[in-house]
Amino acid sequence: MSGQTTEQAVKNVNVIAETEKVITKVSSMNFETILHDWLIPYGTKILLAIAIFVIGKSLAKFISRLLAKAVMASTKDEMLQSFVRSISYFLLLLIVVIAALSQLGINTSSLVALIGAAGLAIGLSLQNSLQNFAAGIMLLIFKPFKKGDLIETGGMSGTVEEMGLLMLELRTGDNKTVLIPNGKVFSDSIVNYSANETRRIDFIFDISYDADIAQAKSIVADILANEQNVLKDPAPVIAVSALAANSVQLVVRPWVNTPNYWATYWGIMEKVKLAFDEAGIAIPYNQMDIHITSEETIALEKKKYN
């Protein structure tokens, strides 16, 4: 017990001595000492750190824009340009921040380790977002579509407005904005209606069995010949495709330039209907024949089988 008391007393004496040294040093300090020992060294470090951050941030913006312009000049892909600008600016800014902190005397090696650990933790908690991010990179590499293309994917169809790091933005035909996760886009089938310069329109026109097939084909051929949007090469196809239960089916397949698809589709559909009506060619619809049997007929049938 006595030994512990002596040890504690020695510790107290040491603390008092250290405190007195600090008080003596502080009391002996004047403005010149503070200026040379504190303000100039630490102030210089702070100013250099601020300069590194400000200049580095400007350089990061300049370099990221330069890289984006280089990508745009070589690929003409606005989505890839936006992606390169965003990711390069983020990485360069991270380097600038580490350099600024290093100038302040902060141990950046431990900071880098901390950032790595934080990145791992964030990655585990944001698995879906990272999946969308990786899918966005793959879409930018393979380029199944570009801005302005009409596509169908993820159960939606629309014009590509923008592809971000995580989401694809589509504008539908009725001017709605749809955001689809990149992971869903990459894992789903993608139909690009704008990829080729020309498209084929597929029509099926039903005519009655009493109608003149040759006359119907001639009417359709005249309509296609007078339609300026229909291409001559490849030539349109007009043929009997099926003898259905209630009608003879004519398959009509003209080719058009992709931007004229829907206007031509609607125009031909209306012209064929009006021309068939004028020529007396009936377009049948589903029918059901109902036979009504009298009681006398039923009785006679029963006697016949009995």
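Conventions adopted
Residues numbered from 1 in each chain as written. Predicted model: local features only at pLDDT ≥ 70, side-chain atom pairs only at ≥ 80, totals over all residues. Heavy atoms only, no water. Pairing = 2+ DSSP bridges. Helix = DSSP H or I, 4+ residues; strand = E, 2+ residues; numbered from the N terminus. Axes fitted to C-alpha atoms, helices over the stretch in contact; angles between N-to-C directions. Contact = heavy atoms within 4.5 Å. Salt bridge = Lys/Arg side-chain N within 4 Å of Asp/Glu carboxyl O. Buried < 20%, exposed > 50% of the residue type's maximum accessible area, 1.4 Å probe, protein only. Expected span 1.5 Å × (residues − 1). Arc of directions from axis to C-beta. Polar contact = N/O pair within 3.5 Å; in protein donor to acceptor, adjacent residues only side chain to side chain. pLDDT = per-residue confidence, 0-100.

### Focus: the sheet that holds strand β5 (residues 191-192)
Okay, step 1: Spatially, β4-β3-β2-β1-β5 is the arrangement adopted by the five strands of the open sheet, whose pairing is antiparallel. Pairing within the sheet leaves two strands with one partner each, and these edge strands are β4 (177-181) and β5.
Okay, step 2: Relative to strand β2 (residues 156-163), strand β1 (residues 150-153) runs antiparallel, the two sharing four bridges. Bridge pairing links I151 to G158 in β2.

### Quick look at the sheet that holds strand β8 (residues 237-243)
Okay, step 1: Read across the open sheet, the three strands follow the order β7-β9-β8; overall the sheet is antiparallel. Each end of this open sheet is capped by a strand with a single partner; those strands are β7 (203-207) and β8. Sheet twist, expressed as the average angle between the axes of neighbouring strands with direction ignored, equals 30°.
Okay, step 2: Inspection of the sheet shows β7 paired to strand β9 (residues 248-253) by five bridges, in the antiparallel sense. Residue pairing across strands places F203 opposite V252, the latter belonging to β9.
Okay, step 3: Where helix α7 (residues 213-226) meets the sheet, it contacts β7, β8 and β9, and its direction lies at approximately 20° from that of β9.

### Considerations on the pattern of salt bridges
Okay, step 1: Scanning the model with the defined rule gives seven salt bridges in all.
Okay, step 2: Between E227 and K271 there is a salt bridge, and its shortest N-O distance comes to 3.0 Å. Of this pair, E227 sits in the loop between α7 and β8 while K271 sits in helix α8 (residues 261-279); the two residues are 44 residues apart in sequence, bridging distant segments of the chain.
Okay, step 3: Owing to a relative accessible area of 9%, E227 belongs among the buried residues under this scheme.
Okay, step 4: Several salt bridges converge on common partners, so that one network encompasses R200, D202 and R253.

### Some remarks on α7
Okay, step 1: Over its 14 residues, α7 extends 20 Å from the first C-alpha to the last, a length consistent with the 20 Å expected when each residue adds 1.5 Å.
Okay, step 2: Listing the buried residues of α7 in full gives A216, I219, V220, I223 and L224. All buried residues of α7 lie within an arc of 130° about the axis, which places them on one face of the element. Opposite the packed face of α7, turned more than 90 degrees from it, sit the exposed residues A214 and N226.
Okay, step 3: Against the buried residues of α7 lie β7, β8, β9 and α8.
Okay, step 4: Of the residues that open α7, the one with a side-chain oxygen 3.0 Å from the backbone nitrogen of A214 is D212.

### A word on the side chain of T264
Okay, step 1: Structurally, T264 is set in helix α8.
Okay, step 2: A polar side-chain atom of T264 sits 3.3 Å from a polar atom in the side chain of N229.
Okay, step 3: Not counting the four nearest positions on each side in its chain, T264 is found in contact with I201, E227, N229, V230 and V256.

### Let's talk about the confidence of the model for the protein
Okay, step 1: The pLDDT averaged across the protein works out to 80; a share of 71% of its residues lies at or above 70.
Okay, step 2: The weakest mean pLDDT in the protein belongs to helix α4 (residues 108-125) at 62; the strongest belongs to strand β10 (residues 255-257) at 97.

### Let's talk about α8
Okay, step 1: A rise of 1.5 Å per residue sets the reference length of α8, with its 19 residues, at 27 Å; its end C-alpha atoms lie 27 Å apart and thus fit the reference within 8%.
Okay, step 2: Looking only at α8, the buried set comprises Y261, T264, I268, V272, A275 and F276. End-on, the buried residues of α8 take up no more than an arc of 95°, which puts them together on one face. Counted as exposed and oriented over 90 degrees from the buried face of α8: A263, W266, E270, L274 and E278.
Okay, step 3: Where the residues of α8 are buried, they touch β6 (198-200), β7, α7 and β10.
Okay, step 4: Two residues or fewer after α8 comes G280, characterised by a positive phi angle close to 75°.

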